[in-house]
Amino acid sequence: MRIGIVCYASIGGSGVVATELAHSLALRGHTVRLISSERPFRWRDGLPELGFDRVDTPAYPLFREPQYLLALATAIARLACEHHLDVVHAHYAVPHATAAYLADEMLRADADAGGCRPRTVTTLHGTDVTLVGSDPSYRRVVAFSIEQSSAVTAVSESLRRDTQTAVGVRCPIEVIPNFLDCDAYRRQPNPALRARFATDDQVIVLHASNFRPVKRVGLVLDVFLRIRAARPARLLLIGDGPDRPALEAAIAAAGASDAVTFLGEVQDPVPWLSLADLFLLPSSQESFGLAALEAMACGVPVAVSRVGGLPEVVTDDDTGLLCDPDDAAGMAGRILALLADRDAAARMGRRAAAVARERFCVDAIVPRYEALYARVVAPPQPASPSASGSTTPGA
Ligand code: GMT
């Protein structure tokens, strides 16, 4: 098939999943165009079947706001015909589902388009529904655009339910969970690298996110300080974002600067995950928690909030710790108890890696997207005689 994938290039799970899907589909023989404002964060060169199409948003002195939605809709309509796309797959509804809808309407109205009319698929990732899409300023257009898609998927059952309740979407939503390249995500021990950050008696706690309020990096620090009060520990932080300055100030105020390292945005988290004794993700909301899954695949026990889709990824006391997000002391207590028992922590890490491999690898998930694409491009089946008989008025 010929597939256009639309995603954000910035750091964030939706762009990571979309880029990984684009790579996987190209490796499976599809022709894939990745459409975004710039090359996404996890983009890898070298696949002949995969191409990148940049969307430029021209500035005009009258506008204070860039008109990305208009530029994207125009680009999708053009690329649909240039590349004979069968499917346009929008990752993150805002504004990608709206742009895909506008492009489809333009192609429908354009007699010269020569019949190019890809089907649109929208994958909901979380904040596009739970935060942005449910804001009264956007809710109606987001719900409308989602419902205009030929098919809609959500990355967890929890997000599927939230989409119905928070934005009132009524169309069917298929749950297709996020996934990883499990060949790449496996523990790579590196004692020399570990020794640069921690002594043998210290545990390494790792957090990775885009430091937005929903990630609660202040709570990451609070839990870490409680752990460090009880035993030697180091905190490694991957990522960057708006809450970083406040976090840096809080670390300095707590006198913990020499126990915390900011690693910034990293292209490949596996070497860092492989150093960790525990991955901490105390978010207030998380539709799936891809970062936690990446840690699990690398054999790291995770401590995460019992919110959103995280219980669909993490099983409490088996592959990780599902914690009350409003109880920092309880979370730190459970982490300390786990880290005090090396065998239990190692067992949990092994179980986490095994479950990641059983349920969330490319080969288990990408065929589900392929099947969905095949369904939406298939011509509609004629109704069976009995079905048409029963629905024809007056029959
Ligand atoms: O969580 C973020 O800050 C990024 C965000 C995104 O839209 O890229 O992540 C969402 O999508 C990820 C991929 O499907 C999920 O793993 C995250 O749980 C989800 N974030 C939230 O729901 C807060």
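Presented here is a report on the structure given in the accompanying data block.

Procedures and definitions
- Residues numbered from 1 in each chain as written.
- Predicted model: local features only at pLDDT ≥ 70, side-chain atom pairs only at ≥ 80, totals over all residues.
- Heavy atoms only, no water.
- Helix = DSSP H or I, 4+ residues; strand = E, 2+ residues; numbered from the N terminus.
- Buried < 20%, exposed > 50% of the residue type's maximum accessible area, 1.4 Å probe, protein only.
- Contact = heavy atoms within 4.5 Å.
- Areas by Shrake-Rupley, 256 points an atom, 1.4 Å probe, with all protein chains shown as cover.
- Lys, Arg positive; Asp, Glu negative; His and termini not counted.
- Charge placed at Lys NZ, Arg CZ, Asp CG, Glu CD.
- Near = heavy atom within 4 Å.
- Polar contact = N/O pair within 3.5 Å; in protein donor to acceptor, adjacent residues only side chain to side chain.
- 1 Å grid on protein atoms, 1.4 Å probe; cavity = no way out; pocket = protein on both sides within 12 Å on 5 of 7 lines; lining within 4 Å.
- Sits in = over half its atoms within 2 Å of the grid points.
- Nonpolar A, V, L, I, M, F, W, Y, C, P; charged D, E, K, R; others polar.
- Points joined across faces, edges and corners; volume = space filled by probe spheres on them.
- Salt bridge = Lys/Arg side-chain N within 4 Å of Asp/Glu carboxyl O.
- Disulfide = S-S within 2.5 Å.
- Phe/Tyr/Trp six-rings, centres within 6.5 Å; stacked < 30°, edge-to-face > 60°.

## Quick word on the overall build of the chain
No. 1: Across its full length, the chain holds 16 helices and 13 strands.
No. 2: For the chain, the spread of C-alpha atoms along the three principal axes comes to 75 × 60 × 45 Å.
No. 3: Relative to its 395 residues, the chain shows a buried fraction of 53%.
No. 4: Residue pairs in contact within the chain that sit at least 24 positions apart in sequence constitute 70% of those at least 6 positions apart.
No. 5: In the structure as shown, the chain presents an accessible area of about 17,400 Å², 52% of it carried by carbon and sulfur atoms.
No. 6: Averaged over its 39 positive side-chain charges, the chain has a centre that lies 2 Å from the centre of its 45 negative ones.

## Notes on the site of the ligand
No. 1: Taken together, 18 residues lie near the ligand, and Ser14, His125, Asn210, Arg212 and Glu286 sit nearest.
No. 2: Between the ligand and Asn178, the relevant distance is 2.8 Å, taken from an oxygen atom to a side-chain nitrogen or oxygen of the residue.
No. 3: For the ligand, the accessible surface in isolation is 480 Å², of which the surrounding protein chains cover 96%.
No. 4: Given that more than half its atoms are within 2 Å of the pocket grid, the ligand belongs to the largest pocket.
No. 5: Per-class residue counts for the shell around the ligand are four nonpolar, 11 polar and three charged.

## Some points on the layout of surface pockets
No. 1: Here the largest pocket defines a volume of roughly 930 Å³.
No. 2: Around the largest pocket sit 46 residues that line it, and Gly12, Gly13, Ser14, Asn210 and Arg212 are the ones nearest its centre.
No. 3: Breaking the lining of the largest pocket down by element, the ones donating at least two residues are α1 (13-27), α3 (93-109), α4 (127-130), α5 (139-148), β8 (203-209), β9 (233-239), β11 (278-281) and α11 (290-297).
No. 4: Among the residues making up the lining of the largest pocket, the classes are represented as 24 nonpolar, 16 polar and six charged.
No. 5: Size it by volume and the second largest pocket reaches roughly 420 Å³.
No. 6: Looking at the second largest pocket, it is lined by 19 residues, and the ones nearest its centre are Asp277, Leu339, Arg342, Ala345 and Ala346.
No. 7: Considering each element in turn, the lining of the second largest pocket owes the most residues, six residues, to helix α14 (residues 342-359).

## Observations concerning the environment of Glu157
No. 1: Looking at where Glu157 falls in the secondary structure, it is placed in helix α6 (residues 157-166).
No. 2: Among the residues examined, Glu157 registers a relative accessible area of 27% and is labelled partly exposed.
No. 3: Along the sequence, Glu157 and Tyr68 sit 89 residues apart, while their C-alpha atoms lie 30 Å from each other.
No. 4: Those residues in contact with Glu157 that sit more than four places away from it in its chain are Val175 and Glu312.
No. 5: Side chain to side chain, Glu157 and Arg160 meet in a polar contact 2.6 Å long.

## Regarding the pattern of salt bridges
No. 1: Scanning the model with the defined rule gives 24 salt bridges in all.
No. 2: Between Lys215 and Glu286 there is a salt bridge; the shortest N-O distance is 2.8 Å. Placement of the pair is Lys215 in the loop between β8 and α8 (217-230) and Glu286 in the loop between β11 and α11, with a sequence separation of 71 residues.
No. 3: Residue Lys215 is classed as buried on the basis of its relative accessible area, which comes to 11%.
No. 4: Look at Glu286 and you get buried, because its relative accessible area is 10%.
No. 5: In this structure, the salt-bridge partner of Asp326 is Arg216, at a minimum N-O distance of 3.7 Å. Placement of the pair is Asp326 in the loop between β13 (320-323) and α13 (328-340) and Arg216 in the loop between β8 and α8, with a sequence separation of 110 residues.
No. 6: For Asp326, a relative accessible area of 65% gives the class exposed.
No. 7: Taken together, the salt bridges that share partners define one network made up of Arg306, Asp316, Asp317 and Arg334.

## Thoughts on the state of the cysteines
No. 1: Considering all chains together, one arrives at two disulfides under this definition.
No. 2: One disulfide in the model links Cys81 with Cys116; its S-S distance is 1.9 Å. In this structure, the disulfide formed by Cys81 and Cys116 twists by about 65 degrees around the S-S bond and is classed as right-handed. Within this pair, whereas Cys81 is found in helix α2 (residues 68-82), its partner Cys116 is found in the loop between α3 and β5 (119-124), the two being separated by 35 residues in sequence.
No. 3: Accessibility expressed as a relative area gives 23% for Cys81, which makes it partly exposed.
No. 4: For Cys182, the disulfide goes to Cys361, at an S-S distance of 1.9 Å. Taking the torsion about the sulfur-sulfur bond, which here is approximately -105 degrees, the covalent link between Cys182 and Cys361 counts as left-handed. On the criterion of sequence distance, the pair formed by Cys182 in the loop between β7 (174-175) and α7 (191-197) and Cys361 in the loop between α14 and α15 (362-377) is long-range, its members being 179 residues apart.

## Overview of the packing of aromatic side chains
No. 1: Taken as a whole and judged by the stated rule, the model has seven aromatic pairs.
No. 2: Here the aromatic rings of Phe211 and Phe262 are separated by 6.4 Å at their centres, their planes lie at 40 degrees, and the arrangement is tilted. Of this pair, Phe211 sits in the loop between β8 and α8 while Phe262 is found in strand β10 (residues 260-264), placing the two residues 51 residues apart along the sequence.
No. 3: For Phe262, a relative accessible area of 22% translates into the label partly exposed.

Any functional reading would require information beyond the geometric quantities listed.
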